[in-house]
Amino acid sequence: MVHVRAHVPSRPTWRCGACGVAWPCSTAKLLLLAKYRGNRDALMIHLAALCAEAAEELAGLDGSPPADLAVRFTGWARAR
């Protein structure tokens with residue numbers, strides 16, 4: 001049996017649990033776009049809430065969250 005890991009954030013580091021890159025990784029972005037297809041506002045609200053959680057958790061690790069955290073979480077999801 002093959003164990004497939006989901007492309008979800010690993011807390012408190014906010015790296016992808018499957019591929020290890022900063023979350024949301026490319027696969028997570030595609031999955032989120034598919035899940036929220038037709039409801040970009042709900043996607044942005046969801047991502048903003050996760051960004052706030054990540055900022056708090058990352059600040060607890062390093063003293064402050066990365067400066068580009070908001071862009072990382074929401075910059076890619078804005079309507080074109």
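The structure this text deals with has already been given above.
All values reported here derive from a predicted model rather than from experimental measurement.

Draft legend 1. Seen up close, the overall build of the chain. What the chain contains, in helices and strands, is three helices and two strands. Secondary structure elements of the chain, listed N to C terminal, follow the sequence β-β-α-α-α. Computed over the C-alpha atoms, the radius of gyration of the chain is 13 Å, within 12% of the 12 Å expected from 2.2 N^0.38 for a compact globule of 80 residues. Based on the C-alpha atoms only, the size of the chain along its principal axes is roughly 40 × 35 × 15 Å. Considering the chain as a whole, with its 80 residues, one finds that 26% of them fall into the buried category. For the chain, long-range pairs separated by at least 24 residues make up 44% of all intrachain contacts whose partners lie at least 6 apart in sequence. For the chain, the accessible area works out to roughly 5300 Å², and carbon and sulfur atoms hold 57% of it. Placing the 10 positive and 6 negative side-chain charges of the chain at their respective mean positions leaves the two points 12 Å apart.

Draft legend 2. Representation of the packing of aromatic side chains in the model. Using the criterion set out here, one finds three aromatic pairs in the structure. Relative to phenylalanine 73, the ring of tryptophan 14 lies with its centre 5.7 Å away and its plane at 65°, an arrangement referred to as edge-to-face. Of this pair, tryptophan 14 sits in the loop between β1 (9–10) and β2 (15–16) while phenylalanine 73 sits in helix α3 (residues 69–74), and the two are 59 residues apart along the sequence. The burial state of tryptophan 14 is the same as that of phenylalanine 73; both residues are buried. Here a set of aromatic residues connected by ring pairs shows up, and it is made of Trp14, Trp23 and Phe73.

What counts and how
Residues numbered from 1 in each chain as written. Predicted model: local features only at pLDDT ≥ 70, side-chain atom pairs only at ≥ 80, totals over all residues. Heavy atoms only, no water. Helix = DSSP H or I, 4+ residues; strand = E, 2+ residues; numbered from the N terminus. Rg over C-alpha atoms; globule rule 2.2 N^0.38 Å. Buried < 20%, exposed > 50% of the residue type's maximum accessible area, 1.4 Å probe, protein only. Contact = heavy atoms within 4.5 Å. Areas by Shrake-Rupley, 256 points an atom, 1.4 Å probe, with all protein chains shown as cover. Lys, Arg positive; Asp, Glu negative; His and termini not counted. Charge placed at Lys NZ, Arg CZ, Asp CG, Glu CD. Phe/Tyr/Trp six-rings, centres within 6.5 Å; stacked < 30°, edge-to-face > 60°.

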